[in-house]
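# Fold and contact review
So you can see what is in the structure, the chains are spelled out below.
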Amino acid sequence: MSRGKESDGGWKKFVWDSEKKEFLGRTGSSWLKILAFYVVFYGFLAGIFIGTIQVLLLTTSSYKPTYQDRVAPPGLSHTPKTLKAEIEFTHDDPKTYEEYINAMDKFLLKYNLENQKDGLLFEDCEPKPSIPVMRGSLDQSDGGKRVCRFNREWLGNCSGLHDRTYGYSEGKPCFIVKINRIVSYLPQPPQTNDSIPPEAHEKVQPNLIPIHCAAKKEEDKDKLGQVNYFGMNSTGGFPLQYYPYYGKLLQPQYLQPLVAVQFTNLTVGSELRIECKAYGENIKYNDKDRYQGRFEVKILVKVR
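To keep things clear, this report deals only with the structure shown in the data block. (Residues numbered from 1 in each chain as written. Predicted model: local features only at pLDDT ≥ 70, side-chain atom pairs only at ≥ 80, totals over all residues. Heavy atoms only, no water.)

### Looking at the overall build of the protein chain
- If you tally the helices and strands in the protein chain, you get four helices and 14 strands.
- A globule of 304 residues ought to have a C-alpha radius of gyration of about 19 Å, yet the protein chain, at 31 Å, is considerably larger.
- With respect to the three principal axes, the spread of C-alpha positions in the protein chain is 95 × 55 × 40 Å.
- Considering only intrachain contacts with a sequence separation of at least 6, the fraction spanning at least 24 residues in the protein chain is 74%.
- Element-wise, carbon and sulfur atoms account for 55% of the exposed surface of the protein chain, whose accessible area totals about 17,800 Å².
- Charge separation in the protein chain, taken as the distance between the mean sites of 41 positive and 36 negative side-chain charges, equals 8 Å. (Helix = DSSP H or I, 4+ residues; strand = E, 2+ residues; numbered from the N terminus. Rg over C-alpha atoms; globule rule 2.2 N^0.38 Å. Contact = heavy atoms within 4.5 Å. Areas by Shrake-Rupley, 256 points an atom, 1.4 Å probe, with all protein chains shown as cover. Lys, Arg positive; Asp, Glu negative; His and termini not counted. Charge placed at Lys NZ, Arg CZ, Asp CG, Glu CD.)

### A look at the side chain of Lys 298
- The topology assignment puts Lys 298 in strand β14 (residues 294-301).
- Among the polar contacts made by the side chain of Lys 298, one reaches the side chain of Glu 86 at a distance of 3.5 Å. (Polar contact = N/O pair within 3.5 Å; in protein donor to acceptor, adjacent residues only side chain to side chain.)

### A look at the sheet that holds strand β8 (residues 174-179)
- Strand order in the open sheet formed by four strands is β4-β8-β12-β10, with antiparallel pairing between adjacent strands. Looking at which strands have only one partner, the edges of the open sheet turn out to be β4 (76-79) and β10 (227-230). This sheet shows a mean twist of 30° between the axes of neighbouring strands, independent of strand direction.
- Sheet analysis places β4 next to β8, joined by four bridges and oriented antiparallel. (Pairing = 2+ DSSP bridges. Axes fitted to C-alpha atoms, helices over the stretch in contact; angles between N-to-C directions.)

### Comments concerning the sheet that holds β14
- The sheet built from five strands is open, its strands ordered β5-β14-β13-β9-β11 with mixed pairing. Only two strands of the sheet have a single neighbouring strand rather than two, namely β5 (86-89) and β11 (237-239). The average angle at which neighbouring strand axes cross in this sheet is 20°, direction not considered.
- When strand β13 (residues 271-278) meets β14, the two strands line up antiparallel, connected through seven bridges. For Arg 273, the partnering residue across the bridge sits in β14 and is Lys 298.

### Description of a nonpolar patch on the surface
- Taken together, the side chains of Phe 37, Tyr 38, Phe 41, Tyr 42, Phe 44, Leu 45 and Ile 48 present a nonpolar region at the surface, about 740 Å² in accessible area.
- Assignment of secondary structure puts Ile 48 in helix α2 (residues 28-58). (Patch = residues over 30% accessible without salt bridge, like charges linked within 9 Å, V, L, I, M, F, W, Y side chains within 5 Å. Salt bridge = Lys/Arg side-chain N within 4 Å of Asp/Glu carboxyl O.)

### Overview of the pairing of β5
- Here β5 shows a clear split, with Ile 87 and Phe 89 buried on one side and none of Glu 86 and Glu 88 buried on the other.
- Direction of pairing for β5 relative to β14: parallel, over a ladder of four bridges. Residue pairing for β14: Glu 88 is matched across the bridge by Leu 300. (Buried < 20%, exposed > 50% of the residue type's maximum accessible area, 1.4 Å probe, protein only.)

### What to know about the nonpolar core
- By size, the foremost hydrophobic cluster in this structure holds 62 residues, and its most contacted members are Tyr 168, Ile 176, Phe 238, Phe 263, Ile 274 and Ile 299.
- Excluding its chain neighbours within four sequence positions, the residues that come into contact with Ile 274 are Cys 213, Ala 214, Lys 216, Leu 224, Phe 263, Leu 266, Phe 295, Glu 296, Val 297 and Ile 299. (Core = buried A, V, L, I, M, F, W, Y, C linked by side-chain atoms within 4.5 Å.)

### So, helix α3 (residues 98-108)
- Every buried residue of α3 is listed here: Tyr 100, Ile 101, Met 104, Phe 107 and Leu 108. Burial along α3 is one-sided: seen end-on, the buried residues are contained in an arc of 135°. Turned more than 90 degrees off the buried face of α3, the exposed positions are Glu 99 and Lys 106.
- At its buried positions, α3 is contacted by β4, β5 and β8. (Arc of directions from axis to C-beta.)

### Quick notes on the environment of Glu 296
- Note that Glu 296 resides in strand β14.
- Along the primary structure Glu 296 and Lys 277 are separated by 19 residues, whereas in three dimensions their C-alpha atoms are 8.9 Å apart.
- Apart from residues no more than four positions distant in its own chain, Glu 296 is found in contact with His 78, Ala 85, Lys 216, Arg 273, Ile 274, Glu 275 and Arg 290.
- Within polar-contact distance, the side chain of Glu 296 engages the side chain of Lys 216 at 3.2 Å.

### Some thoughts on the state of the cysteines
- Scanning the model with the defined rule gives three disulfides in all.
- Disulfide pairing is shown between Cys 125 and Cys 148; the S-S distance is 1.9 Å. Disulfide Cys 125-Cys 148: the torsion about the S-S bond is -80°, which places it as left-handed. In this pair, Cys 125 is assigned in the loop between β6 (122-123) and β7 (147-148) and Cys 148 in strand β7, connecting sequence segments 23 residues apart. (Disulfide = S-S within 2.5 Å.)

### Here's the deal with the environment of Phe 150
- Mapped onto the elements, Phe 150 comes out in the loop between β7 and β8.
- According to the relative accessible area criterion, Phe 150 is buried, its value standing at 0%.
- In this structure the C-alpha to C-alpha distance between Phe 150 and Gln 116, which are 34 residues apart in sequence, comes to 8.5 Å.
- Residues in contact with Phe 150, not counting those within four places in the same chain, are Tyr 111, Leu 113, Gln 116, Leu 155, Tyr 242, Leu 255, Pro 257 and Leu 258.

In structure tokens:
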């Protein structure tokens, strides 16, 4: 018992030694000195870190990416987009394609003309594909940049203005396709037809990035049926006057040009894998990235 009391007393004495006025083995002045040391030490480290960040910020711009030499060519994306890029529906069962309709409605909302009325933010550009519109430097010296209006009506049967189901109720599904944004990127139209499928040669024209969709498998080509494309001036491509993009700070209202793709005669009950590609001199493809310059989607029109 005496040993227990002694050990208990030793522990208490270590926490607070009333004779030496020590707390956890240190006097008040000792604690004050060590606290001051760590305040100065960590304050010095924080100062180095903040100074380094400030120096780094002086070398970067809020408007223009400092280094773009390793930026990959833009991706090609589509709406509606599912987790596994699989679209399955039954044309006479609205519940099976309701989520696709909602996704397209939401995406196209900003393309309604009532949302493009502000003349300080939007302007009417050439009604047919034309050269890129350069709007000054990539900083705020010229103020904000206006953007070209894009008329949702140009998407024809896939605009959602005439057919609220975007063709899904008839088994003729639509996709809305866009090129992903890259600041200062200027797409270059193909100079020759060498890299373009023969059936897409007619789409090659100045100031336009053509797009073409085809069955991924040779045996599925006859099952794909006719593919219709809708866009500016009834072209199946992206007009260059919508480029370059100046970034969210200078063009927060920027609208990417769109192309609508409609598959009008898909074989019912057959699962088809379809690949869509954009063609341009500086648009490349990567087998490891299925969305770089292209995308794949699997479509199945079911029979109830």
